[in-house]
Amino acid sequence: MIIYQKKVTLAPDFSPMSVRGLLNHWLVPQKMQHFLRINQDILVNGHYLAFNRHVEAGDQITMNFSEVSVKVQDYELDERQSFSVLYEDDDLLVVNKPAGIKTHPNGPGENFTLMNQVAAYLAKQDKKAYMVHRIDQATSGVLLIGKTPIVIGILNRQLSQKTMSRQYIAIANDPEQTLLEHATINLPIGVDPDNKRKRTIDYITGLSAVTHYQLLHRKGPAATLAVNLETGRTHQIRLHLAADGHPILGDPLYFPTDSTQRLLLHGQTLRYTEPFTDEQRTVTAPIPDIFNQYVD
């Protein structure tokens, strides 16, 4: 059995709360809290405290996680490193994924994906790679990866509660300059029955999907947009903008008549809370050079 230990010293301005309140505040999943309690694996200044007892500023919290229900995928190691590291600590790795590489393998034995490369990078630290979210193969940008399973449930709850946010930059086709200064696209998304690689607007069985955009620049027929997701459906930004009449330049699926050399969609910014803290972190991936020709 592997035991993952986490030690945290509460900040000087920490407001007292119960042990249970602290774990809920950190978004620690209930199942993990259950085992911390019944195994008495959470210590405050070296001693177990009942969950209704209070912790205060300066207290040292030691947690030993022995029951972590996170699926472990053993990726084949790919020693190439097409990504760049944007931020790294003991628990997390944030990378800039290049366009043209898949985020993860779709089946056992598949190699040549970003997660295969990240797995090789982390193996040198005796760590494994745990996927938190994904971006399309044709999309570049910021990607968050866990280095220990104890943070995955917390990060998943940040995603579901929308306290984690991602902003994208997209270059959309707008020859008639009809894009609004800002707008919300709320259209349900389902699998295209005629092409499993694509998605389609599906009012019958589709999943809800909400995309917000703001117009940043116009240059000729191209419009640069800042795009924020409220949901994270496959191809959401690509399909929503295409359905709105403004497909992204270089999109081989939703704008196949365009000859731009790559999909002009880039995950620029990721904002999240560092697990087991109140620290807000913003990580930004540099805009690829190809985007610059669309800005005056």
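Since the structure is predicted, the reported quantities are computational estimates derived from the model, not experimental observations. (Residues numbered from 1 in each chain as written. Predicted model: local features only at pLDDT ≥ 70, side-chain atom pairs only at ≥ 80, totals over all residues. Heavy atoms only, no water.)

Visitor: Break down the overall build of the chain for me, with residues and values.
Guide: For the chain, the count of helices and strands is five helices and 18 strands. Along the longest, intermediate and shortest principal axes, the C-alpha atoms of the chain span 65 × 40 × 40 Å. Across the 296 residues in the chain, those meeting the buried criterion constitute 50%. Of all intrachain contacts in the chain linking residues separated by at least 6 positions in sequence, the fraction that spans at least 24 positions is 65%. Approximately 14600 Å² of the chain is accessible, and the part contributed by carbon and sulfur atoms is 48%. Averaging the coordinates of the 29 positive side-chain charges in the chain and doing the same for the 31 negative ones gives two points 4 Å apart. (Helix = DSSP H or I, 4+ residues; strand = E, 2+ residues; numbered from the N terminus. Buried < 20%, exposed > 50% of the residue type's maximum accessible area, 1.4 Å probe, protein only. Contact = heavy atoms within 4.5 Å. Areas by Shrake-Rupley, 256 points an atom, 1.4 Å probe, with all protein chains shown as cover. Lys, Arg positive; Asp, Glu negative; His and termini not counted. Charge placed at Lys NZ, Arg CZ, Asp CG, Glu CD.)

Visitor: Can you lay out the pattern of salt bridges for me, pointing to particular residues and giving the numbers?
Guide: Counted by the stated rule, this structure contains 11 salt bridges. Note that K128 is salt-bridged to D74, the shortest N-O span being 3.0 Å. One end of the pair, K128, is in the loop between α3 (114–123) and β9 (130–131); the other, D74, is in the loop between β6 (60–65) and β7 (84–88), and 54 residues separate them in sequence. The shortest N-O distance in the salt bridge between R218 and D174 comes to 3.2 Å. (Salt bridge = Lys/Arg side-chain N within 4 Å of Asp/Glu carboxyl O.)

Visitor: Can you break down the nonpolar core residue by residue, with the values?
Guide: Counting residues in each nonpolar core, the largest one holds 42 residues, and the members touching the most others are V118, A129, Y213, L225, L241, I248 and L264. At the level of elements, β8 (92–97), α3, β10 (140–146), β11 (165–173), β12 (182–186), β15 (210–219), β16 (222–229) and α5 (236–243) are the ones that each hand at least two residues to this core. Non-local contacts of L225, meaning those with residues more than four positions away in its chain, are made with Y168, I169, A170, A172, L179, Y213, Q214, L215, L216 and L241. Of all hydrophobic cores here, the second largest spans 37 residues; its members include L23, M63, M164 and V283. (Core = buried A, V, L, I, M, F, W, Y, C linked by side-chain atoms within 4.5 Å.)

Visitor: Go over the environment of K127, please, and point to the residues and values.
Guide: Position of K127 among the secondary structure elements: in the loop between α3 and β9. Residue classification places K127 among the partly exposed positions, given a relative accessible area of 30%. Between the alpha carbons of K127 and D174 there is a distance of 46 Å; along the sequence they are 47 residues apart. With residues near it in sequence (within four places) discarded, K127 still touches D90, L122 and K147. Looking at K127, its side chain comes within polar contact range of the main-chain oxygen of D90, at 3.2 Å. (Polar contact = N/O pair within 3.5 Å; in protein donor to acceptor, adjacent residues only side chain to side chain.)

Visitor: Please provide a residue-by-residue account of the side chain of R199, values included.
Guide: Relative to the helices and strands, R199 is located in strand β14 (residues 199–201). D136 is the oppositely charged side chain nearest to the buried, salt-bridge-free R199, at an N-O distance of 8.2 Å. At 3.3 Å, the side chain of R199 and the backbone oxygen of K196 are in polar contact. With residues near it in sequence (within four places) discarded, R199 still touches I189, G190, V191, D192, T234, H235, L239 and Y254.

Visitor: Explain the UniProt feature "domain: Pseudouridine synthase RsuA/RluA-like" (unreviewed entry) in the chain residue by residue, including any values.
Guide: Mapped onto this structure's residue numbering, the UniProt feature "domain: Pseudouridine synthase RsuA/RluA-like" (unreviewed entry) falls at residues 91–243. Secondary structure across residues 91–243 comprises 18% helix and 35% strand; the distance between its end C-alpha atoms is 39 Å. (UniProt positions renumbered as here; feature names shortened; annotations may be inferred.)

Visitor: For α3, give the residues involved together with the corresponding values.
Guide: Within α3, nine of the 10 residues are buried, which leaves the element mostly enclosed by the surrounding structure. Among the residues of α3, those classed as buried are L114, M115, N116, Q117, V118, A119, A120, Y121 and L122. In this fold, the buried residues of α3 make contact with β7, β8, β9 and β10.

Visitor: Go over unusual backbone geometry with me, naming the residues and quoting the values.
Guide: Look at D126: it is not a glycine, yet its phi comes out positive at around 60°. A positive phi angle, near 60°, is found at H235, a position not held by glycine. By the secondary structure assignment, H235 is in the loop between β16 and α5. Among the residues examined, H235 registers a relative accessible area of 9% and is labelled buried.

Visitor: Hey, could you go over the sheet that holds strand β4 (residues 47–48) for me, with residue numbers and the actual values?
Guide: In space, the four strands of this open sheet follow the order β1-β6-β3-β4, with antiparallel pairing throughout. Each having just a single partner strand, β1 (4–9) and β4 make up the two edges of the open sheet. Inspection of the sheet shows β1 paired to β6 by six bridges, in the antiparallel sense. Bridged to Y4 within β6 is F65. On top of the sheet, helix α2 (residues 30–38) reaches β3 (42–44), β4 and β6; it is set at about 105° to β6, its chief contact. (Pairing = 2+ DSSP bridges. Axes fitted to C-alpha atoms, helices over the stretch in contact; angles between N-to-C directions.)

Visitor: Can you tell me about the packing of aromatic side chains, naming the residues and giving the values?
Guide: Geometrically, a pair of aromatic rings is defined through the distance of the ring centres and the angle of the planes. Counting across every chain of the model gives three aromatic pairs. Between the aromatic rings of W26 and F276, the centroid separation amounts to 5.6 Å while the plane-to-plane angle is 80°, which identifies the pairing as edge-to-face. One end of the pair, W26, is in the loop between α1 (19–25) and α2; the other, F276, is in the loop between β17 (265–273) and β18 (280–284), and 250 residues separate them in sequence. Residue classification places W26 among the buried residues on the basis of a relative accessible area of 5%. Owing to a relative accessible area of 1%, F276 belongs among the buried residues under this scheme. Residues F65 and F276 carry aromatic rings whose centres are separated by 6.1 Å and whose planes lie at 45° to one another, so their mutual orientation is tilted. Taken as a pair, F65 in strand β6 and F276 in the loop between β17 and β18 lie far apart in primary sequence, 211 residues in all. We note that F65, like F276, is buried. (Phe/Tyr/Trp six-rings, centres within 6.5 Å; stacked < 30°, edge-to-face > 60°.)

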